[in-house]
Amino acid sequence: IALLALLLFTAGLVGNLALTCTVWHHLHLKSTWNGVLAGLALCDFLVLFFCLPVVVVHELSVTRLLGDLSCRLVPYLEVVTSLGVAAFSLCALSIDRFNAAVAAGPLPKAKVEPCGALASKLSVIWVGSMLLAAPELLLSTLGARPERTKVDVCVREPSVELSDSLYSLVLTYHGARAWWLLGCYVCLPLLFSLACGLLTRHIWAQRPAQEDRRGTRKQPGGEPRLRSALTALGALQVACAAPESVGSIVLGYLPDSLLAWGLPALGLVGQFLLFLRCAATPLVMLVLCGPLGRALVDGCCCCCRECVPDGDSFSTSTAATSTSAWPTSPPPSGQDGLKTASAAGAPLRRGQPERSSLALGTPC
């Protein structure tokens, strides 16, 4: 458990931070599509940073960090971020792809939007997820197993200190929790994204025949990549969120002895599947979304060139400048020649191959 948690923690933090910072520091990437992915990466970062250590410490030391507070906040954050934000982000990406397909004007690149417009769209996803997951704050309390009083566990039962109306509401949510999570956070977003995907594919299938006769526009080349990214995101959501809900529904029809043993094990498996989705989502998006991956590589190359100014790769413009500066006179010799060559951007080491750096993303 410790090794698996360390691997997921490291990969998830690095991947989510890389995706969020890449979108934030590149102006041409601030579109609805990339903004939703950055918001999802930020939520996944919060889950890994706050929830993963609490779960691992509880499994290794049978004690609960922060006591009753963690029993309420950890399930709430897991439902809000891993289920709510991921499901609504999938729907938002499907809508954005559909809007791009039905747009009347040419679509050479994604439209750059101001930060206020992106914040308003992300707030709808975040606020909706927080409101739908609000019953989780009142459902779990800290307790102890009767046979092992030193082991802290989170009991998923509404507190008797609540008012009668609120207690009945939370008790109803507790009885239908597995069906609610499966239907609201898995089935409905998946069906919605499939419907949007079919409509979008139908529009792109009809558009080339109409526009080729006019010769004004062709289908964007990034459409297959967007479709692959949406498919991968939906597959991750189903593969990591459905097993716990389906398992809880199946265990509800089994005897109480199997239920008492199976629910804790199923909960642990569901939490690690959640952490796996949080760690894998940014890596998959960086690979499938071409502009994001190129911008990340460009940023890493810029940092490397700043740290090592006399690296192996030089830009094409610098090479052209140094070439045009030398033909009128022979190159100087001695220390002055070395200084002049270094200032002009020429390589100082013997035998180094000259390579031109590709223009990936924005310039340094």
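- The name given to the protein in an unreviewed UniProt entry is G protein-coupled receptor 37 like 1, and the organism recorded there is Tetraodon nigroviridis.

**Brief notes about the UniProt feature "transmembrane region" (unreviewed entry) in the protein**
- The sites that carry the UniProt feature "transmembrane region" (unreviewed entry) are, in the present numbering, residues 36-61, 73-95, 178-204 and 258-276.
- Helix and strand shares over residues 73-95 are 100% and 0% respectively, and the end C-alpha atoms of the span are 31 Å apart.
- Along residues 178-204 the backbone is 100% helical and 0% strand, and the end-to-end C-alpha distance reaches 38 Å.

**Thoughts on the packing of aromatic side chains**
- Per the counting criterion, the structure on display carries 3 aromatic pairs.
- Between the aromatic rings of Phe45 and Phe49, the centroid separation amounts to 5.8 Å while the plane-to-plane angle is 15 degrees, which identifies the pairing as stacked. Highlighted residues: Phe45 and Phe49, both in helix α2 (residues 32-61), separated by 4 residues, approximately one helical turn.
- Overall, the relative accessible area of 40% leaves Phe49 in the partly exposed class.
- Seen from their ring centres, Phe49 and Phe50 are 5.1 Å apart, and the 85 degrees between their planes marks the pair as edge-to-face.
- A relative accessible area of 46% means that Phe50 is categorised as partly exposed.
- Through pairs of rings, three or more aromatic residues link up here, namely Phe45, Phe49 and Phe50.

**Topic: the environment of Glu113**
- Counting through the fold element by element, Glu113 comes out in the loop between α3 (68-102) and α4 (115-132).
- Residue Glu113 is classed as buried on the basis of its relative accessible area of 12%.
- When sequence neighbours within four positions are dropped, the list of residues in contact with Glu113 reads Lys30, Thr32, Leu118 and Lys121.

**Some remarks on a nonpolar patch on the surface**
- Taken together, the side chains of Leu65, Leu66, Leu69 and Leu73 present a nonpolar region at the surface, about 370 Å² in accessible area.
- Turning to its location among the elements, Leu65 is positioned in the loop between α2 and α3.
- For Leu65, a relative accessible area of 36% translates into the label partly exposed.

**Quick notes on the packing of α2 against α3**
- Relative orientation of the contacting elements α2 and α3 amounts to 160 degrees, with a least axis distance of 9 Å. When the interaxial angle is binned, α2 and α3 end up roughly antiparallel. Judged by the sense of rotation from one axis to the other, the crossing of α2 with α3 is left-handed. Residues Thr32, Trp33, Val36, Leu37, Leu40, Cys43, Val47, Phe50, Cys51, Val54 and Val55 of α2 touch α3, and the partners they reach there are Ser70, Val74, Leu77, Glu78, Thr81, Val85, Ala86, Ser89, Ala92, Leu93 and Asp96.

**Some remarks on the side chain of Arg277**
- You can see Arg277 is positioned in helix α9 (residues 256-288).
- On the basis of relative accessibility, which here comes to 2%, the residue Arg277 falls in the buried class.
- Not counting the four nearest positions on each side in its chain, Arg277 is found in contact with Leu40, Asp44, Thr81, Ser82, Ala86, Leu236, Gln237 and Cys240.

**Focus: the environment of Leu66**
- Structurally, Leu66 can be placed in the loop between α2 and α3.
- A relative accessible area of 65% places Leu66 in the exposed class.

**Observations concerning the packing of helix α1 (residues 2-25) against α2**
- It is the contact of α1 with α2, at a shortest axis distance of 9 Å, that shows an interaxial angle of 160 degrees. In this view, α1 runs roughly antiparallel relative to α2, as classed from their interaxial angle. The crossing of α1 and α2 is left-handed.

Cut-offs used in this document
Residues numbered from 1 in each chain as written. Predicted model: local features only at pLDDT ≥ 70, side-chain atom pairs only at ≥ 80, totals over all residues. Heavy atoms only, no water. UniProt positions renumbered as here; feature names shortened; annotations may be inferred. Helix = DSSP H or I, 4+ residues; strand = E, 2+ residues; numbered from the N terminus. Phe/Tyr/Trp six-rings, centres within 6.5 Å; stacked < 30°, edge-to-face > 60°. Buried < 20%, exposed > 50% of the residue type's maximum accessible area, 1.4 Å probe, protein only. Contact = heavy atoms within 4.5 Å. Patch = residues over 30% accessible without salt bridge, like charges linked within 9 Å, V, L, I, M, F, W, Y side chains within 5 Å. Areas by Shrake-Rupley, 256 points an atom, 1.4 Å probe, with all protein chains shown as cover. Salt bridge = Lys/Arg side-chain N within 4 Å of Asp/Glu carboxyl O. Axes fitted to C-alpha atoms, helices over the stretch in contact; angles between N-to-C directions. Parallel < 35°, antiparallel > 145°, perpendicular 65-115°, else oblique. Left-handed = near helix turned anticlockwise from the far one by under 90°.

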